[in-house]
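Chain by chain, the residues:
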Amino acid sequence: MKRFLTALFLTLAAAAAAQAQSFVQTKDWDVYVDLPTRFAYVKTPTGWKFVRQLDEAQMAKLHPTTLTALLPREQQDIQYAHPALELSPRMMALRASGTRVAAQPGTIRAE
């Protein structure tokens, strides 16, 4: 039972660490602006506080350190757990070129 609880604790700790790294690290007094709504928030020592909705002129003059996303950009490359699941170099080249592959007419059998 003791080993089970230790393993459970370690699993939960690892999951919490992975979850903590999936967000952008913020400091107190950082400013975040939600682009679709133009709502501005400030990170205080007690949490996020709504400030106001910005107008178009203020949106055009945002400071470079203003946060506009709290999640990191998604990785473009998918990391597979097993090499057999990775795409072949041919398929990677086809996807990069934007070409679509259709079935070859000779491989389709008429019924």
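Residues numbered from 1 in each chain as written. Predicted model: local features only at pLDDT ≥ 70, side-chain atom pairs only at ≥ 80, totals over all residues. Heavy atoms only, no water.

1. Overview of the packing of aromatic side chains
Centre distance and the angle of the planes are the two values used to describe a pair of aromatic rings. This model, assessed by the stated rule, comprises 4 aromatic pairs. Here Tyr32 and Tyr41 contribute two aromatic rings whose centre-to-centre distance is 6.2 Å and whose plane-to-plane angle is 25°, an arrangement assigned as stacked. When the centroid spacing of 5.6 Å and the interplanar angle of 70° are considered together, the rings of Tyr41 and Phe50 count as edge-to-face. For Phe50, a relative accessible area of 47% corresponds to the partly exposed category. Clustering of aromatic rings is evident, with ring pairs tying together Tyr32, Phe39, Tyr41, Trp48 and Phe50. (Phe/Tyr/Trp six-rings, centres within 6.5 Å; stacked < 30°, edge-to-face > 60°. Buried < 20%, exposed > 50% of the residue type's maximum accessible area, 1.4 Å probe, protein only.)

2. Some points on a nonpolar patch on the surface
Taken together, the side chains of Leu87, Met91 and Met92 present a nonpolar region at the surface, about 240 Å² in accessible area. According to the relative accessible area criterion, Leu87 is partly exposed, its value standing at 31%. (Patch = residues over 30% accessible without salt bridge, like charges linked within 9 Å, V, L, I, M, F, W, Y side chains within 5 Å. Areas by Shrake-Rupley, 256 points an atom, 1.4 Å probe, with all protein chains shown as cover. Salt bridge = Lys/Arg side-chain N within 4 Å of Asp/Glu carboxyl O.)

3. Re the pairing of strand E2 (residues 39-44)
Summarising the sheet, strand E1 (residues 31-34) and E2 pair through 4 bridges and their orientation is antiparallel. Bridge pairing in E2 places Val31 opposite Val42. Relative to strand E3 (residues 47-53), E2 runs antiparallel, the two being bridged by 6 bridges. Bridging from a neighbouring strand, Tyr41 pairs with Phe50 of E3. The hairpin turn running from E2 into E3, its antiparallel successor, is 2 residues long. (Pairing = 2+ DSSP bridges. Helix = DSSP H or I, 4+ residues; strand = E, 2+ residues; numbered from the N terminus.)

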